[in-house]
Amino acid sequence: MAGRPRVGILSLQGDVREHGRVLSELGAEVLLVRRPAELAGVDGLVIPGGESTTIDKLARAFGMQEPIRRVIAGGMPVFGTCAGLILLADRLEDGIAGQQTFGGLDVTVKRNAFGGQVESFETEIAVEGFAGPPVHATFIRAPAVTEVGPGARALAALDDGRVVAVEQGVLLGIAFHPEVSGESRFHRRFLDHVAARA
Ligand code: GLN
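Just so it is clear, the model here is predicted, and its values are computed rather than measured.

Trainee: Describe the overall build of the protein, listing the residues and the values that go with them.
Mentor: If you tally the helices and strands in the protein, you get six helices and twelve strands. A compact globule built from 198 residues would reach a C-alpha radius of gyration of about 16 Å, and the protein, at 15 Å, matches this within 12%. In terms of overall dimensions, the protein has C-alpha extents of about 45 × 40 × 30 Å along its principal axes. Of all 198 residues assigned to the protein, the portion counted as buried reaches 51%. Surface summary for the protein: the accessible area is close to 8,400 Å², and the carbon and sulfur share equals 50%. Put simply, the protein has 20 plus and 24 minus side-chain charges, and the middle of one group is 6 Å from the middle of the other.

Trainee: Help me get a handle on the site of the ligand, residues and values and all.
Mentor: The environment of the ligand is formed by Gly49, Gly50, Glu51, Ser52, Cys82, Ala83, Ile86, Arg111, Asn112, Ile140, Arg141 and His177. The separation between a nitrogen atom of the ligand and a polar side-chain atom of Asn112 is 2.6 Å. In isolation the ligand offers 300 Å² of accessible surface; the protein chains occlude 98% of this area. Here the residues of the shell around the ligand are counted per class, giving four nonpolar, five polar and three charged.

Trainee: So what's going on with the packing of aromatic side chains? Which residues, and what values?
Mentor: Under the defined criterion, the tally for this structure stands at eight aromatic pairs. For the ring pair Phe114 and Phe121, a centre distance of 5.3 Å and an interplane angle of 70° mean the geometry is edge-to-face.

Trainee: Could you give an account of helix H1 (residues 16-25), naming the residues involved and the relevant values?
Mentor: Restricting attention to buried positions, one finds in H1 the residues Val16, His19, Gly20, Val22 and Leu23. Burial along H1 is one-sided: seen end-on, the buried residues are contained in an arc of 165°. Residues Arg17 and Glu25 are exposed on H1 and point more than 90 degrees away from its buried face. In this fold, the buried residues of H1 make contact with strand E1 (6-10), strand E2 (29-33), strand E3 (44-47), strand E4 (78-81) and helix H6 (185-197). In the segment just after H1, Gly27 is the residue with positive phi, at about 95°.

Calculation criteria
Residues numbered from 1 in each chain as written. Predicted model: local features only at pLDDT ≥ 70, side-chain atom pairs only at ≥ 80, totals over all residues. Heavy atoms only, no water. Helix = DSSP H or I, 4+ residues; strand = E, 2+ residues; numbered from the N terminus. Rg over C-alpha atoms; globule rule 2.2 N^0.38 Å. Buried < 20%, exposed > 50% of the residue type's maximum accessible area, 1.4 Å probe, protein only. Areas by Shrake-Rupley, 256 points an atom, 1.4 Å probe, with all protein chains shown as cover. Lys, Arg positive; Asp, Glu negative; His and termini not counted. Charge placed at Lys NZ, Arg CZ, Asp CG, Glu CD. Near = heavy atom within 4 Å. Polar contact = N/O pair within 3.5 Å; in protein donor to acceptor, adjacent residues only side chain to side chain. Nonpolar A, V, L, I, M, F, W, Y, C, P; charged D, E, K, R; others polar. Phe/Tyr/Trp six-rings, centres within 6.5 Å; stacked < 30°, edge-to-face > 60°. Arc of directions from axis to C-beta. Contact = heavy atoms within 4.5 Å.

Okay, here's the thing in structure tokens:
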């Protein structure tokens, strides 16, 4: 692809900086996206981890919900981690009253699926299509995918069978945080989607 890919990080709340570091290291030009006009200037979007209820509320307050739904429907590559996976899910379990998602992934996601029992943990998981060692995955008050609809595909699951990474076309959603453990293969995959579309 000609030039560097221009990718946005939805910067309403969450671990924006960590994603920015990984994407910059991979050669992308990173823009922080808070407003609809900023969304128009990027070829792909990352929705970071954080708190999905807060990101949802702020997205609606900033008039970003509809523009984000439109770019997803229009085929923009989007990569969501943790809260970002929740926001990409078509169906949500254990959301707070009135909580909405952008949607796009034909999956049901359960918020705080590991909460109470173990709030945070790290483990190694094999991811479909990744060469090299398994992914060292950090789960922080993480969601899990409880149902994968016919439109989406599971990329990784825990030993107990719970799905924690899914892909649907150019949409990628994962329940954990690769950006905190030096894992860049998901970001590369997202950038491949961006390059293929440009
Ligand atoms: N539990 C958070 C939520 O519901 C997600 C946690 C995270 O992104 N690390 O949005």
